[in-house]
Amino acid sequence: MEQDILNLINGALVPAQGGGWLDNVEPATGATYSRIARSGPEDVEAAVSAARKAFPEWRAWSPADRRAVLMKLADKVAENAAMLAEAESKDNGKPVSVAAAVDIPRAEHNLRFYASAAEQFSSESHTMGDGTVNYTLRKPLGVVGCISPWNLPLYLFTWKIAPALASGNCVVAKPSEVTPMTAYLLGSWAKEAGLPDGVLNILHGLGPEVGQAMVEHHYVRAISFTGGTATGAAISALAAPKFKKLSLELGGKNATVVFDDCDFDEAVSTAVRAAFSNQGQICLCGSRILVQEGLYDRFRDAMVAKVSKLRIGDPMDPATKMGAVVSRGHRDKVLAAIDTARGEGGRILCGGGRHQPGEPRLKGGYFVQPTLIEGLDHRCVTNREEIFGPVATLQPFKDEQEALGLVNATKYGLSASVWTQDLKRAHRFAAGIDTGMVWLNCWLVRDLRTPFGGTRHSGVGREGGYNSMKFFTEPQNVCVKL
Ligand code: TXE
């Protein structure tokens, strides 16, 4: 065992009170390499009580002081970037090159961005013309819960805790039990960065054991959650009768829409990236590729040629483009989805099964070939349900109207990427799409100030910039008759 992953409660790294442990598995090898504290309601109680105790002092800190401390935490991420990238890659199965270029720099950026937001955040005032003035206070909520998933572990963990802390809340956070390492490492630097004890508490363990206890806890005033749609529904059912604030960032079944006047080469390479980045395990991945019929054959063949060349293998090899999927269970789910596609009459254009790298070290790893499928109707399960793996389908469409119908044909509404050089059509089409985000001639370009989130089964609420700062604060209007 390399390292025990401990809870951070009231500034101390401690095992779960119940003494239980979970195995932490390296997806590229299938081997257990560390133990995770298996926390329960008693640990939630301790973390919430520490957070409540810390809140009066923390909320009184000036925005400038909160900024300074979050910047120091970001410095720790920067100083340890190479080590964090390796840890993320080992824990998640993603290529270390991706963790080093995307996950860790973005985690650092999240902390810096919201550190600045602490000082930039403002509130409104409304004058009534008769000498009456309303001003709106934005008060931190108190203790808030942040629950994050395994696909972009430190990136999404910091995306939640940074605005929560910047706006003056004390946090009880739970990273995914599948990828807890980098959140643990970050927590181990909290004290050194200057966060007072109890301001940031991190609990590890299973969703239904520790996550649910966080959602149910009387003093946890808000939950920011990113994860599966079914889990989001379970959390909503628990939180609604307790009137908690909820921000839910859930699944997607996003379309990449390619019109025949697109910039061909850029559309092909971005469609490949959108489908297979992070082994297809990003909520924003374009897993349905819709191509105008005149361009369809050429586009399909170009995609197949590119995907067949993607280098899949050891995540620690800097040349690797695709690593392992996150767990054995998830690999089996993705393989079952490919079988379903076959059963529905889909033609596998490339991939279609497990990948077995040559190195003996990787014999037990969870590798899936990047898979492209065509010939499936938009109503079939494969084109309706999120697979969240390296699997994408291709469908032809005739015109703009048909394309719009296909884009909006699932219960999800997270994002879409549209490729056309016709400016009018691009804007018209974007406005017709029922998703929270649309990229025109690009994909996954992120400005952290913009509203991030989805419609329908992709979630409720928006995060990013002021949206997050507003979520983590309660407005209170004060009306003054002068
Ligand atoms: O995620 P879960 P899972 C999708 C993707 C994937 C599916 C299931 O389709 O195949 O969800 O993934 C915590 N109360 N996405 O099951 O369970 C859990 O411990 C409170 C999309 O691995 O939703 C973890 O910290 N918390 C997604 C977090 O929720 C609970 C990213 C997410 O895990 C809980 C991940 C409960 N009852 C998966 N049950 C995206 N939107 O990017 C679990 N958790």
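Everything numeric in this text was worked out from a predicted model, so none of it was measured. (Residues numbered from 1 in each chain as written. Predicted model: local features only at pLDDT ≥ 70, side-chain atom pairs only at ≥ 80, totals over all residues. Heavy atoms only, no water.)

Caption draft 1: Structural detail: the packing of aromatic side chains. Under the counting rule described, the total for this entry stands at ten aromatic pairs. Judged by centre distance (5.3 Å) and plane angle (80°), the ring pair of tryptophan 150 and phenylalanine 388 falls under edge-to-face. Note that tryptophan 150 is positioned in the loop between β8 (143-147) and α5 (153-166) and phenylalanine 388 in the loop between α13 (381-384) and β17 (391-397), a separation of 238 residues in sequence. The class of tryptophan 150 is buried, set by a relative accessible area of 17%. The buried category is assigned to phenylalanine 388, whose relative accessible area is 15%. With a centroid separation of 5.2 Å and 75° between ring planes, the pair formed by phenylalanine 259 and phenylalanine 397 is classed as edge-to-face. You can see phenylalanine 259 sitting in the loop between β13 (254-258) and α10 (264-276) and its partner phenylalanine 397 sitting in strand β17, a full 138 residues away along the chain. For the pair phenylalanine 259 and phenylalanine 397, a shared accessibility class is recorded, and that class is buried. An aromatic cluster of at least three residues, connected via ring pairs, comprises Phe113, Tyr114, Trp159 and Phe452. (Phe/Tyr/Trp six-rings, centres within 6.5 Å; stacked < 30°, edge-to-face > 60°. Helix = DSSP H or I, 4+ residues; strand = E, 2+ residues; numbered from the N terminus. Buried < 20%, exposed > 50% of the residue type's maximum accessible area, 1.4 Å probe, protein only.)

Caption draft 2: Just the sheet that holds strand β7 (residues 132-140), in detail. On the basis of which strands lie adjacent, the open sheet formed by three strands has the order β6-β7-β23 and antiparallel pairing. Each of the sheet's edge strands pairs with one partner strand only, and the pair in question is β6 (125-127) and β23 (473-481). Neighbouring strand axes in the sheet, compared pairwise and without regard to direction, differ in orientation by 15° on average. As paired strands, β6 and β7 are joined by three bridges and run antiparallel to one another. Considered in β7, the bridge of serine 125 is made with tyrosine 135. (Pairing = 2+ DSSP bridges. Axes fitted to C-alpha atoms, helices over the stretch in contact; angles between N-to-C directions.)

Caption draft 3: Layout of the side chain of aspartate 103. Within the fold, aspartate 103 resides in helix α4 (residues 96-120). You can call aspartate 103 buried: its relative accessible area is 0%. Among all residues touching aspartate 103, those that are not within four sequence positions of it are Glu88, Lys94, Val98, Leu152, Pro153 and Tyr155. (Contact = heavy atoms within 4.5 Å.)

Caption draft 4: Broad picture of the packing of helix α8 (residues 207-216) against helix α9 (residues 229-239). Between α8 and α9, whose axes approach to 9 Å, the crossing angle comes to 35°. When the axes of α8 and α9 are compared, the crossing they make is right-handed. Contact with α8, carried on its side by Gln212, Val215 and Glu216, involves Ile235, Leu238 and Ala239 of α9 and no other residues of that element. Taken together, the residues of the contact of α8 with α9 sort by class into four nonpolar, one polar and one charged. (Left-handed = near helix turned anticlockwise from the far one by under 90°. Nonpolar A, V, L, I, M, F, W, Y, C, P; charged D, E, K, R; others polar.)

Caption draft 5: Representation of the pattern of salt bridges in the model. Summed over the entire model, instances satisfying the criterion amount to 28 salt bridges. Linking aspartate 197 and lysine 191 is a salt bridge whose minimum nitrogen-to-oxygen distance equals 2.8 Å. Residues joined in a network through salt bridges with shared partners are Asp297, Arg300, Asp301, Arg347 and Glu374. (Salt bridge = Lys/Arg side-chain N within 4 Å of Asp/Glu carboxyl O.)

Caption draft 6: Spotlight on the site of the ligand. Neighbouring the ligand are 26 residues, the closest being Trp150, Glu177, Thr231, Lys333 and Glu386. Taking glycine 227, its main chain carries an N or O atom lying 3.3 Å from a nitrogen atom of the ligand. Contacts to the ligand include leucine 250, whose backbone N or O atom sits 2.8 Å from a nitrogen atom. Looking at the shell around the ligand, the elements that each hand over two or more residues are α8, β11 (220-226), α9 and α12 (328-343). Counting residues per element, the shell around the ligand draws most heavily on α8, at four residues. The residue makeup of the shell around the ligand, split by class, is ten nonpolar, eleven polar and five charged. Residues lining the shell around the ligand come from more than one domain, with at least three contributed by each of domain 1 (4-250 + 458-480) and domain 2 (254-447). (Near = heavy atom within 4 Å. Polar contact = N/O pair within 3.5 Å; in protein donor to acceptor, adjacent residues only side chain to side chain. Domains from an automatic or database assignment.)

Caption draft 7: Structural context of the domain arrangement of the protein chain. Each assigned domain of the protein chain is listed here: domain 1 (4-250 + 458-480) and domain 2 (254-447). The gap between the C-alpha centroids of domain 1 and domain 2 is 30 Å. With 28 residues of domain 1 at the interface, the matching set in domain 2 holds 30 residues. Together, the buried faces of domain 1 and domain 2 total about 2200 Å²; carbon and sulfur atoms form 56% of this surface. Taken as a group, Ala28, Trp150 and Ser458 account for 23% of the area that domain 1 buries against domain 2, more than any other trio of residues on that side. Inspection of the domain 1/domain 2 interface yields one salt bridge. Its salt-bridge partner being arginine 361, residue glutamate 26 comes within 3.5 Å of it at the nearest N-O pair. Our count for the contact surface shared by domain 1 and domain 2 stands at nine residue pairs in polar contact (both at pLDDT 80 or more). Going through the elements one at a time, β4 (21-26), α3 (81-92), α4 and α5 are the ones with two or more residues in the side of domain 1 that touches domain 2. Sort the elements by how many residues they give to the side of domain 1 that touches domain 2 and α3 lands first, with four residues. Taken together, the residues of the side of domain 1 that touches domain 2 break down into eleven nonpolar, ten polar and seven charged. (Buried area = accessible area lost by both parts, 1.4 Å probe.)

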